[in-house]
Amino acid sequence: MTRSISAVRGGLLAAAATLALGVITPPATAQDSDSGNWLFVTVTRGDGRHGASTPGNLLLCDPPQGHAHAAEACADLDRVGGDIGRLRQKDAFCPMIYAPVTAQARGEWDGHPVDYRETFSNGCGLAAQTGAVFAVEA
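Residues numbered from 1 in each chain as written. Predicted model: local features only at pLDDT ≥ 70, side-chain atom pairs only at ≥ 80, totals over all residues. Heavy atoms only, no water.

As annotated in an unreviewed UniProt entry, the protein chain is Serine protease from Streptomyces chartreusis. Its UniProt record, at the heading Subcellular location (unreviewed entry), says of the protein chain: "Secreted". (UniProt positions renumbered as here; feature names shortened; annotations may be inferred.)

Below, the structure is given as structure tokens:
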């Protein structure tokens, strides 16, 4: 038993030394600080309080990718410094039908965390306010 503990300890020390020397590097993720501006965006039907799990999209902006309107969404976000609440898109004539949708975004823009959540009266209101940022399937 002592021999196997020593072997495990030796293996762990060797792995730690290898990582410290930079021989093995962990894989990069979107959350690494060098990966640029990114947001994980979701749109949920309803007020979003009922725990309905919906798929989202990882919007990457260096280069733009993640959903069908990534380039436009990244340009919109760049214009407002990543502050989704400052987005002002177009005038729209939206129906007065209450079919709430909740938009959520978490990520990083210019090195600052982004945590956004808002419920809109319907999808038209969401699109008029946020443009292409939440142009994902709900």
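This is not the end of the story, as more comes after the structure.
### Section: the pattern of salt bridges
Using the criterion set out here, one finds two salt bridges in the structure. Its salt-bridge partner being D76, residue R79 comes within 3.1 Å of it at the nearest N-O pair. On the criterion of helical spacing, the pair formed by R79 and D76 is a turn pair, its members being three residues apart in helix α2 (residues 70-79). For the salt bridge of D115 with R106, the shortest nitrogen-to-oxygen distance reads 3.1 Å. For R106, a relative accessible area of 53% translates into the label exposed. (Salt bridge = Lys/Arg side-chain N within 4 Å of Asp/Glu carboxyl O. Helix = DSSP H or I, 4+ residues; strand = E, 2+ residues; numbered from the N terminus. Buried < 20%, exposed > 50% of the residue type's maximum accessible area, 1.4 Å probe, protein only.)

### Regarding the nonpolar core
Ranked by internal contacts, the top residues of the largest apolar core, which has 24 residues, are I84 and F134. Once residues within four sequence positions are removed from consideration, I84 is found in contact with L39, L77, A105, V114, Y116, T130 and F134. (Core = buried A, V, L, I, M, F, W, Y, C linked by side-chain atoms within 4.5 Å. Contact = heavy atoms within 4.5 Å.)

### Notes on the state of the cysteines
Under the counting rule described, the total for this entry stands at two disulfides. Across a sulfur-sulfur distance of 2.0 Å, C61 and C74 are joined as a disulfide pair. In this structure, the disulfide formed by C61 and C74 twists by about -85 degrees around the S-S bond and is classed as left-handed. A residue pair is termed long-range when its members are at least 10 positions apart, and C61 in strand β2 (residues 57-61) and C74 in helix α2 qualify at 13 residues. Covalently, C94 is tied to C124 through a disulfide, its sulfur atoms 2.0 Å apart. Judged by the torsion about the S-S bond (-75 degrees), the C94/C124 disulfide is left-handed. Of this pair, C94 sits in the loop between α2 and β4 (101-109) while C124 sits in helix α3 (residues 123-130), and the two are 30 residues apart along the sequence. (Disulfide = S-S within 2.5 Å.)

### A look at α3
By the burial criterion, the buried members of α3 are L126, A128 and T130. Where α3 is buried, its residues meet β1 (38-45), α2, β4 and β5 (112-120). Backbone geometry just downstream of α3 places G131 in the positive-phi region, at approximately 60 degrees.

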